[in-house]
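Understanding the architecture of this molecule
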Amino acid sequence: MYIPSCYSTGIDGKKKIIKEIIMSGNILIVKRDGKVEPFSLDKIKNAISRAFLSVGSFATQEILTDILGRLSIHNGMSVEEIEKRIGGIICGRRETSCK
């Protein structure tokens, strides 16, 4: 089981918690403030929906499913990396215009 080195250092209790989360099958992401937390699909769906609304569009369930189906996430990814990948997927959609 791979644990990113930047998360496996530090207090033994923190290492134990992170190992338990990874062993349970949850994917960990790194938030902007440096905190590590389990990946939340609902948070990603909400962020995509808000992004579409911010440009006067609407993310249907079909659009969300398409975007999420193309998204690849791994342990230790940052929120910024996930956002960049989602942005690339959205811009790559035929009916979407990115500026």
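Structure: see above.
Before going into details, it helps to say that this report is about the structure given with it. (Residues numbered from 1 in each chain as written. Predicted model: local features only at pLDDT ≥ 70, side-chain atom pairs only at ≥ 80, totals over all residues. Heavy atoms only, no water.)

**A few points about the overall build of the protein**
Assigned secondary structure in the protein consists of 5 helices and 3 strands. Ordered by position in the sequence, the α and β elements of the protein form the string α-α-β-β-α-α-β-α. Out of the 99 residues belonging to the protein, those deemed buried represent 29%. Long-range pairs, those at least 24 residues apart, make up 39% of the contacts in the protein with a sequence separation of at least 6. Summed over all atoms, the accessible surface of the protein reaches about 6900 Å², with 55% contributed by carbon and sulfur. (Helix = DSSP H or I, 4+ residues; strand = E, 2+ residues; numbered from the N terminus. Buried < 20%, exposed > 50% of the residue type's maximum accessible area, 1.4 Å probe, protein only. Contact = heavy atoms within 4.5 Å. Areas by Shrake-Rupley, 256 points an atom, 1.4 Å probe, with all protein chains shown as cover.)

**Observations concerning the sheet that holds strand β2 (residues 36–38)**
With respect to topology, 3 strands assemble into an open sheet ordered β2-β1-β3, the strand pairing being mixed. The open sheet terminates on both sides in strands that have one partner only, identified here as β2 and β3 (77–78). Here strand β1 (residues 28–30) runs beside β2; their pairing, made up of 3 bridges, is antiparallel. Counterpart to I29 in the pairing with β2 is E37. (Pairing = 2+ DSSP bridges.)

**Notes on the pattern of salt bridges**
Throughout the structure, instances matching the rule amount to 6 salt bridges. Between E80 and R32 there is a salt bridge whose closest N-O contact spans 3.9 Å. A residue pair is termed long-range when its members are at least 10 positions apart, and E80 in helix α5 (residues 79–92) and R32 in the loop between β1 and β2 qualify at 48 residues. (Salt bridge = Lys/Arg side-chain N within 4 Å of Asp/Glu carboxyl O.)

**Considerations on the environment of T60**
Structurally, T60 is set in the loop between α3 (41–54) and α4 (61–70). The exposure class of T60 is partly exposed, given its relative accessible area of 32%.

**Description of α5**
Side chains three or four residues apart in an α-helix point the same way, a direct result of the helix having 3.6 residues per turn. With 14 residues, α5 should cover 20 Å at 1.5 Å per step; its first-to-last C-alpha distance of 20 Å lies within 8% of that length. Here α5 has its buried residues at V79, I82, I86, I89 and I90. With its buried residues spanning 100° around the axis, α5 presents them on a single face. Set apart from the buried face of α5 by more than 90 degrees, the exposed residues are K84 and G92. Where α5 is buried, its residues touch β1, α3, α4 and β3. (Expected span 1.5 Å × (residues − 1). Arc of directions from axis to C-beta.)

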